[in-house]
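So the chains spell out like this:
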Amino acid sequence: MPDSQPQPPKNPDGEAAGGADGAAGPAAPDWSALVLCGARLADGRTVDVRLSGGTIEAVGTPGSLVPGTRVDLNGYLLLPAPAEPHAHTDTALTADADAAGPVPHTLEDVQRRTTEAALLHLGHGATALRSHVRIGDVQGLRSLEAVLLARRALRGLTDLTAVAVPRLLTGAAGADGLAMLRDAVKMGATVIGGCPDLDPDPTGYAETVLEIAAEHGCAVDLHTDGDDPARLARLAAMAGRLRPGVTLGPCGGLARLPHDLAVRAAEQLAAAGVGVVCLPQGDCCALEQREARVSRCAPVRLLRAAGVAVAAGSGALRDAANPVGRGDPLEAAYLLASRGELRPYEAYDAVSTAARAALGLPRVRVEAGFPAELLAVRGESVAGVLSLAYSRTVVHRGRVVARTSAVREYCDSAAVIALDLPRQSARGGGSGGGMA
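Here the residue numbering is sequential within each chain, running from 1 through the sequence in written order. Under the rules for a predicted model, residues below a pLDDT of 70 receive no local features and side-chain atom pairs below 80 are neither given nor counted, while totals for whole chains, interfaces and linings still include all residues. Water and hydrogen atoms play no part in the side-chain values, which are based on all heavy atoms of the structure.

### Regarding helix H9 (residues 329-338)
Spelled out, the test is: Buried means the residue's accessible area, taken with a 1.4 Å probe over protein chains only, is under 20% of the maximum for its type, while exposed means over 50%, and partly exposed covers the values in between. Runs of E in the DSSP output that reach at least two residues are strands. Runs of H or I that reach at least four are helices, and both are numbered from the N terminus. We define a polar contact as two N or O atoms separated by no more than 3.5 Å, with the added condition that, inside protein, one atom must be a possible hydrogen donor and the other a possible acceptor, whereas residues neighbouring each other in sequence contribute only through side-chain atom pairs.
Counting buried positions over the 10 residues of H9 gives 7, a clear majority of the element. Of the residues making up H9, those classed as buried are Pro329, Leu330, Glu331, Ala332, Ala333, Leu335 and Leu336. Measuring from the backbone nitrogen of leucine 330 back to the side-chain oxygen at the start of H9 gives 2.9 Å, which picks out aspartate 328 as the cap. Where H9 terminates, the next one or two residues include glycine 340, which has phi positive at roughly 80°.

### Here we look at the sheet that holds strand S12 (residues 275-278)
As a reminder of what qualifies: Two strands make a pair as long as DSSP finds a minimum of two bridges between them. Note on method: axes are straight lines fitted to C-alpha atoms, helices fitted across the in-contact stretch only, with angles between N-to-C directions ranging 0 to 180 degrees. Pairs of residues are marked as contacts when any of their non-hydrogen atoms sit within 4.5 Å.
The strand order across the open sheet formed by 8 strands is S6-S7-S8-S9-S10-S11-S12-S13, and the pairing between neighbours is parallel. Because the sheet does not close on itself, it has two edges, and the strands there are strand S6 (84-87) and strand S13 (310-312). Strand after strand, the sheet turns through a mean of 25° between neighbouring axes, direction not considered. Relative to strand S11 (residues 246-250), strand S10 (residues 219-224) runs parallel, the two being bridged by 5 bridges. By the bridge assignment, valine 220 is partnered in S11 with valine 246. Against the sheet, helix H5 (residues 202-216) contacts strand S8 (159-166), strand S9 (191-194), S10 and S11, and its axis sits at roughly 165° relative to S10.

### Thoughts on unusual backbone geometry
Backbone torsion omega between glycine 249 and proline 250 reads 0°, so that peptide bond is classified as cis. Structurally, the position occupied by proline 250 is in strand S11. Although it is not a glycine, leucine 93 sits at a positive phi angle of roughly 65°. Mapped onto the fold, leucine 93 is located in the loop between S6 and helix H1 (95-100). In this model, aspartate 137 sits at a positive phi of 55°, which is unusual for a non-glycine residue.

### Points about the pattern of salt bridges
Condition: When a carboxyl oxygen of Asp or Glu is within 4 Å of a side-chain nitrogen of Lys or Arg, the pair counts as a salt bridge.
Under the criterion given, the structure shown has 16 salt bridges. For arginine 256, the salt bridge identified is with aspartate 225, shortest N-O distance 2.4 Å. Of this pair, arginine 256 sits in the loop between S11 and helix H7 (259-272) while aspartate 225 sits in the loop between S10 and helix H6 (229-239); the two residues are 31 residues apart in sequence, bridging distant segments of the chain. Across the pair arginine 231 and aspartate 228 runs a salt bridge, and its minimum N-O distance is 3.6 Å.

### A word on H5
Where we set the bar: Multiplying one less than the number of residues by 1.5 Å gives the expected span of a helix.
Compared with the 21 Å implied by 1.5 Å per residue over 15 residues, the 21 Å span of H5 between its first and last C-alpha is a close match. Backbone geometry just after H5 places glycine 217 at a positive phi near 70°.

Below is the structure:
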């Protein structure tokens with residue numbers, strides 16, 4: 001793509017501003033802007049990127065842009081920021097507590113866990129996060145209230161969206177869940193979710209969710225293992241009227257179906273405009289009560305070949321479903337690439353562009369006019385950063401909101417000196433620049 005440059009300022013008459021002789025003069029530096037200097041792009045170019053007002057204002061060759069506050073990204077690969085399309089922040093970081101006794105679900109506990117989990121995701125690069133929050137049972141709407149409080153407190157650092165997840169919605173037992181779901185939407189849940197597989201009437205559950213979502217203009221994000229082709233076909237048929245606002249995940253059961261049935265199910269989802277969020281690290285807590293089985297990732301290549309939009313999420317973050325979950329989008333991409341489901345750049349797209357699309361967020365490209373949602377990772381290629389993604393700088397709404405710096409040095413031995421092994425130190429690889 002050609003370098004993009006800011007337009008010269010104009011006077012009130014519409015002509016380019018200049019000196020007394022009419023020649024264009026230098027524009028005064030806008031020190032509120034941020035200039036990312038010396039970053040490498042995925043296409044191999046080295047550029048400076050100027051950010052202003054939450055938007056990428058210009059991309060140009062190094063040293064060509066109007067000055068601003070500078071962040072040195074020499075040695076870093078600059079990419080569209082990831083997004084986390086499938087998290088459970090209300091139960092995150094509870095693996096140790098769960099082993100010691102009941103997990104506390106007070107307002108303060110859930111808000112603290114949500115805040116800490118969101119910041120962990122942010123530190124890894126995810127500037128937007130969708131959290132599935134259980135409602136009903138003894139917690140009522142307390143966990144949702146806590147997540148919404150955390151969302152307000154985190155505004156400006158990360159974009160957090162709450163998904164209301166009722167347990168039951170059908171029959172007499174589901175009456176309370178249905179009433180609570182309506183209350184959750186009024187409170188501020190902008191997405192409706194849940195797990196139809198755990199309701200006595202899975203089809204009725206899904207139909208109820210879709211009806212309420214249509215009534216309130218909400219998106220839908222349902223948990224399902226996807227191991228029942230007939231159930232998926234019915235869900236796809238019902239979801240068509242909400243196109244394109246319906247997402248399913250993690251759909252690991254699709255990988256256990258015979259190939260022809262899996263292909264047919266994928267084609268039906270694609271025709272209905274239903275997206276899939278896979279979880280390469282394994283199932284999440286919403287499916288933990290299903291029968292014991294070997295957890296598998298959804299068949300990503302098969303789904304994509306059928307035309308299904310597939311994003312990848314992290315799922316469990318150190319809770320009952322996965323005591324060692326990391327909440328790292330780049331790990332999800334790494335797992336997709338290492339298992340041969342996708343090529344490295346496709347795997348990164350699944351946690352960035354595709355994940356943002358699943359959340360209904362605008363597309364990000366490192367070009368003028370696009371949102372300034374960016375991740376800089378030390379490395380030279382997408383494959384390289386998926387393999388060794390240690391040092392990261394995260395940009396949200398045009399400012400640096402998180403930075404992780406890793407230092408690697410080897411002792412001065414003859415073997416190290418002879419091989420000239422690479423080092424990552426605080427003096428190299430673009431650690432300069434301040435938080436903006």
